[in-house]
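Coordinate analysis (summary)
For reference, the chains in residue letters:
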Amino acid sequence: MTPDADEVVREFAPALARIAASYERDPALRDELLQEVLIAVVSSLPRLKQAGSLKPFVFRVAHNRCLTHVTQRMRESGKQEPLDEVAAKTPDQEQALIERERSHRLLEAIRQLALPYRQVMTLILEDMSYDEIAEALAISVANVGVRVNRAKQQLKVLLNHE
């Protein structure tokens, strides 16, 4: 049975917006990419074979669509453009500013990673397990672990240099 598209969109839209933000800096293009991702997810739902693997399935579709977007943008502009900041909402202004700065620094550092490392770190930040990430990216769980460790090492270097 195909999951309800409205429920899937409602459940995954915030995470898909963050994934789109990890691939596209320009706000207008990011919104366009998010729309493309949502359309791709909804149109792919009939191909879902196991309802239990909805989350990895949705994120695999999202990452594939984002990769297509990046490839097209690179062909158009000759370079990949970085992404805009994803800010968390907090009630205290000072705390909000600190959190935005941390989020911005982390997102900028993640944008500098090679694509395989960027993918796993984006999904880790979405609280996905290694098994779910492996399924979403069609790689082994061991490969996920290797990519995560390498990405963390690179992020430490990047964040310590700022």
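A few words now on the nonpolar core. Generally speaking, soluble globular proteins have nonpolar side chains that are buried together. Counting residues in each nonpolar core, the largest one holds 40 residues, and the members touching the most others are Leu16, Val58, Phe59, Met121 and Leu123. Secondary structure elements with two or more residues in this core: α1 (5-23), α2 (27-44), α3 (54-77), α4 (93-112), α5 (115-124), α6 (130-137) and α7 (141-160). By residue number, the principal contributor to this core is α3, which donates eight residues. Residue contacts for phenylalanine 59: discarding those within four places in its chain leaves Phe12, Ala15, Leu16, Ile19, Leu123, Glu126, Met128 and Ala136.

So, on to the confidence of the model for the protein chain. Here the protein chain averages 82 in pLDDT, while 86% of its residues score no lower than 70. Least confident of the elements in the protein chain is α4, whose mean pLDDT is 77; most confident is α7, at 93. Low pLDDT, under 50, characterises residues 79-91; the predicted model gives this stretch 41 contacts beyond four residues in sequence or across chains.

Let's shift gears to the packing of α1 against α5. Across the interface, α1 lies against α5 with an axial gap of 10 Å and an inter-helix angle of 155°. The angle between α1 and α5 places the two elements in the roughly antiparallel class. α1 and α5 meet at a crossing whose hand is right-handed. Every residue of α5 that contacts α1 at Ile19, Ser22 and Tyr23 is listed here: Leu115, Arg118, Gln119, Thr122 and Leu123. For the contact of α1 with α5, the per-class residue count stands at four nonpolar, three polar and one charged.

In this section: the pattern of salt bridges. In total, this model carries four salt bridges according to the counting rule given. Taking the shortest distance from any N to any O, the salt bridge between glutamate 108 and arginine 25 comes out at 2.5 Å. Taken together, the residues span a long stretch of sequence, with glutamate 108 in helix α4 and arginine 25 in the loop between α1 and α2 at a distance of 83 residues. For glutamate 108, a relative accessible area of 16% translates into the label buried. For arginine 25, a relative accessible area of 31% corresponds to the partly exposed category. Arginine 65 is the partner of glutamate 36 in a salt bridge, and the nearest nitrogen-oxygen pair spans 2.2 Å.

A word on the packing of aromatic side chains. Each aromatic ring pair is summarised here by two numbers: the centre-to-centre distance and the angle between the ring planes. Under the defined criterion, the tally for this structure stands at one aromatic pair. The ring of tyrosine 23 carries arginine 118 above its face, with NZ or CZ at 5.7 Å from the centroid.

Position of glutamate 126 relative to the elements: it lies in the loop between α5 and α6. Accessibility expressed as a relative area gives 10% for glutamate 126, which makes it buried. Ignoring anything within four residues of it in the chain, the contact list for glutamate 126 reads Ala15, Arg18, Lys55 and Phe59.

Conventions used here
Along each chain, residue indices are assigned from 1 in the same order as the chain's sequence is written. pLDDT decides what is reported in this predicted model: residues at 70 or higher carry local features, side-chain atom pairs at 80 or more are listed and counted, and totals for whole chains, interfaces and linings draw on all residues regardless. Derived side-chain values reflect all non-hydrogen atoms in the structure, with water molecules and hydrogen atoms excluded from consideration. By nonpolar core is meant a set of buried Ala, Val, Leu, Ile, Met, Phe, Trp, Tyr and Cys residues that side-chain atoms within 4.5 Å join together. Only protein chains enter the area calculation, which uses a 1.4 Å probe; residues under 20% of their type maximum are buried, those over 50% are exposed, and those in between are partly exposed. Where helices and strands are cited, they refer to DSSP runs of H or I of at least four residues and of E of at least two residues respectively, numbered from the N terminus. We call two residues in contact whenever any of their non-hydrogen atoms come within 4.5 Å of each other. Per-residue confidence from the predictor is given as pLDDT, running between 0 and 100. Structural elements are reduced to axes, namely lines fitted to C-alpha atoms, with helices fitted over the stretch in contact, and the angle between N-to-C directions of any two is expressed from 0 to 180 degrees. With respect to orientation, any angle under 35 degrees is reported as roughly parallel, any angle over 145 as roughly antiparallel, any angle of 65 to 115 as roughly perpendicular, and every other angle as oblique. Each crossing is labelled by how the near helix is turned from the far one, with a counterclockwise turn of less than a right angle marking it left-handed and a clockwise turn marking it right-handed. Classification used: nonpolar for Ala, Val, Leu, Ile, Met, Phe, Trp, Tyr, Cys and Pro, charged for Asp, Glu, Lys and Arg, polar for all others including Gly. The working definition used for a salt bridge is a side-chain nitrogen of Lys or Arg within 4 Å of a carboxyl oxygen of Asp or Glu. Only Phe, Tyr and Trp rings take part, Trp by its six-membered ring, and two of them pair if their centres are within 6.5 Å. Stacked means planes under 30 degrees apart, edge-to-face means over 60, and tilted covers everything else. Two thresholds decide whether a charge sits over a ring: the Lys NZ or Arg CZ must be within 6 Å of the ring centre and within 35 degrees of the ring normal.

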